[in-house]
Amino acid sequence: MKSFSAIPVFIAVVECGSFSAAGQKLGTSKSAVSKRINQLEHDLGVRLLHRTTRRLSLTEAGEHYYDYARKAFFAACEGEDAITQWQGKPKGMLRVSVPMSFGRLHIAPLVSRFLSEYPDIQLNMTMDDKMVDLVEGGFDIAIRIGDLPDSSLIARRIAPCRSVVCASPEYVERHGTPKTPQDLQQHNCLVYSYFRGGSEWRFSGRNGVVKVLPKGNYQVNNSAAIREALITGLGIGQMPTFIVGPDLADGKLIPLLEGYSLPLHAIYAVFPERKHLPAKVRVFLDFVVKHLGEEQPYWDQY
């Protein structure tokens with residue numbers, strides 16, 4: 001069946017919704033994807049996709065073909081995964097998604113050691129603080145932090161993710177130390193715009209849970225940028241200790257409101273549910289857990 005090799009391309013187009021997005025996922029050009037789909041339609045003798053300037057949609061024939069093609073594709077993937085159990089060494093392209101700051105600080109430093117240990121693996125790592133769709137993005141595994149939405153993904157807990165409200169000594173000297181969460185209303189609070197805990201900061205104290213809506217003059221979608229602003233004395237922030245642990249240890253930042261506790265989250269590795277976990281995914285997961293998986297990770301030892 002000469003059309004069988006076009007099935008992954010067709011599935012990528014349907015899942016991504018465009019030729020250009022499918023090309024990015026497959027590592028090829030938009031024109032190459034379009035040409036492959038045109039050839040598939042020619043071979044089958046039917047039109048599979050409606051094409052407009054704004055979007056693509058499946059024809060009735062395309063819907064039927066997609067159902068069968070998807071089953072065939074995933075069966076082939078399962079077979080490939082099963083075969084990796086007999087490989088002498090894990091190998092192949094491994095696509096990993098990690099949050100920007102956590103990836104730069106704690107995953108990137110492990111890459112050289114990991115690839116030295118598994119030289120037949122090619123690692124393609126994407127750092128992005130946005131929540132990505134693993135299947136649509138073609139990722140084998142992702143590192144995620146915080147509460148996980150309900151999904152068909154398998155999650156393995158790696159380590160706790162603790163947070164702290166902090167500021168620089170210079171900021172506290174100029175503006176004073178908040179004694180209660182409500183006092184934060186009188187301070188310049190710096191906000192991480194991708195914070196999955198919601199817009200409120202939640203504190204647990206003797207009298208129960210206290211919710212504060214932080215207000216300030218700086219909001220940004222990158223935690224490392226907030227760290228820089230905190231160190232320069234711009235305001236107060238709620239930060240994960242995997243970013244500011246060393247700064248707390250050397251006094252660049254000081255913890256505030258220590259009589260109150262913040263919600264405890266966790267760092268997870270997530271991956272699509274599969275009958276056979278590919279060897280390249282298994283060894284990466286085991287490697288990360290080995291080096292980071294502790295109830296008291298190294299960044300909390302301040």
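As shown above, the structure is provided for reference.
Rules of the game
- Residues numbered from 1 in each chain as written.
- Predicted model: local features only at pLDDT ≥ 70, side-chain atom pairs only at ≥ 80, totals over all residues.
- Heavy atoms only, no water.
- Helix = DSSP H or I, 4+ residues; strand = E, 2+ residues; numbered from the N terminus.
- Contact = heavy atoms within 4.5 Å.
- Pairing = 2+ DSSP bridges.
- Axes fitted to C-alpha atoms, helices over the stretch in contact; angles between N-to-C directions.
- Phe/Tyr/Trp six-rings, centres within 6.5 Å; stacked < 30°, edge-to-face > 60°.
- Buried < 20%, exposed > 50% of the residue type's maximum accessible area, 1.4 Å probe, protein only.
- Lys NZ or Arg CZ within 6 Å of the ring centre and 35° of its normal.
- Parallel < 35°, antiparallel > 145°, perpendicular 65-115°, else oblique.
- Left-handed = near helix turned anticlockwise from the far one by under 90°.
- Expected span 1.5 Å × (residues − 1).
- Bend = angle between axes of the 7 residues up to and from the residue.
- Core = buried A, V, L, I, M, F, W, Y, C linked by side-chain atoms within 4.5 Å.

A. Looking closely at the environment of Phe-19. Mapped onto the fold, Phe-19 is located in helix H2 (residues 19-26). Here the alpha-carbon distance between Phe-19 and Gly-245, two residues 226 residues apart in the chain, equals 44 Å. In contact with Phe-19, other than residues within four places in its own chain, are Val-13, Lys-30, Val-33, Ser-34, Ile-37, Leu-49, Arg-51 and Leu-56.

B. Geometry of the sheet that holds strand E14 (residues 265-272). One open sheet accounts for five strands, arranged E4-E3-E5-E14-E6; its pairing is mixed. Each edge of the open sheet carries a strand with a single partner, namely strand E4 (121-127) and strand E6 (153-161). Each adjacent strand pair in this sheet contributes to an overall mean axis angle of 20°, direction not counted. Bridge count for strand E3 (residues 92-98) against E4 is seven bridges, and the pairing is parallel. Residue Ser-97 lies in a different strand from E4, and its bridge partner there is Thr-126. With respect to the sheet, helix H5 (residues 100-117) is in contact with E3, E4, strand E5 (141-145) and E14, its orientation differing from that of E4 by roughly 170°.

C. Spotlight on the packing of aromatic side chains. The full count for this structure, using the stated rule, is ten aromatic pairs. Relative to Phe-242, the ring of Phe-102 has its centre 5.0 Å away and its plane inclined at 90°; by these criteria the two rings are edge-to-face. Residue Phe-102 is located in helix H5, and its partner Phe-242 is located in helix H9 (residues 241-250); the two are separated by 140 residues in the primary sequence. You can call Phe-102 buried: its relative accessible area is 2%. For Phe-242, a relative accessible area of 7% translates into the label buried. Their ring planes at 75° and their centres at 5.1 Å tell us that Tyr-298 and Trp-299 sit as a pair that is edge-to-face. In textbook terms, an aromatic cluster arises when at least three aromatic residues are bridged by ring pairs, as seen for Phe-102, Phe-242, Tyr-298 and Trp-299. The aromatic ring of Phe-139 is capped on one face by Arg-95, whose charged end is 4.6 Å from the ring centroid.

D. Examining the packing of H5 against helix H10 (residues 279-292) more closely. Where H5 contacts H10, the axes come no closer than 11 Å and their chain directions differ by 120°. What the angle tells us is that H5 and H10 run oblique. Two packed elements cross with a definite hand, and for H5 against H10 that hand is right-handed. For the pair H5 and H10, the contacting residues are Phe-102, His-106, Ile-107, Leu-110, Arg-113, Phe-114 and Glu-117 in the first and Val-283, Phe-284, Phe-287, Val-288, His-291 and Leu-292 in the second.

E. Region of the structure containing H5. Between the first and last C-alpha of H5 there are 24 Å, a value that for 18 residues agrees with the 26 Å anticipated at 1.5 Å per step. Within H5, the axis deviates most sharply at Ile-107, by approximately 45°, and proline Pro-109 lies no more than four positions further along. Taken together, the buried positions of H5 are Ser-101, Phe-102, Gly-103, His-106, Ile-107, Leu-110 and Phe-114.

F. Region of the structure containing the nonpolar core. Counting 40 residues, the largest nonpolar core has Phe-102, Phe-114, Ile-141, Ile-158, Ile-267, Phe-284 and Leu-292 as its most contacted members. A per-element tally of this core places H10 first, with eight residues. When near neighbours in sequence (up to four residues on either side) are disregarded, Phe-284 contacts Leu-94, Val-96, Ile-107, Phe-114 and Ile-141.

Shape descriptors only; they carry no functional weight alone.
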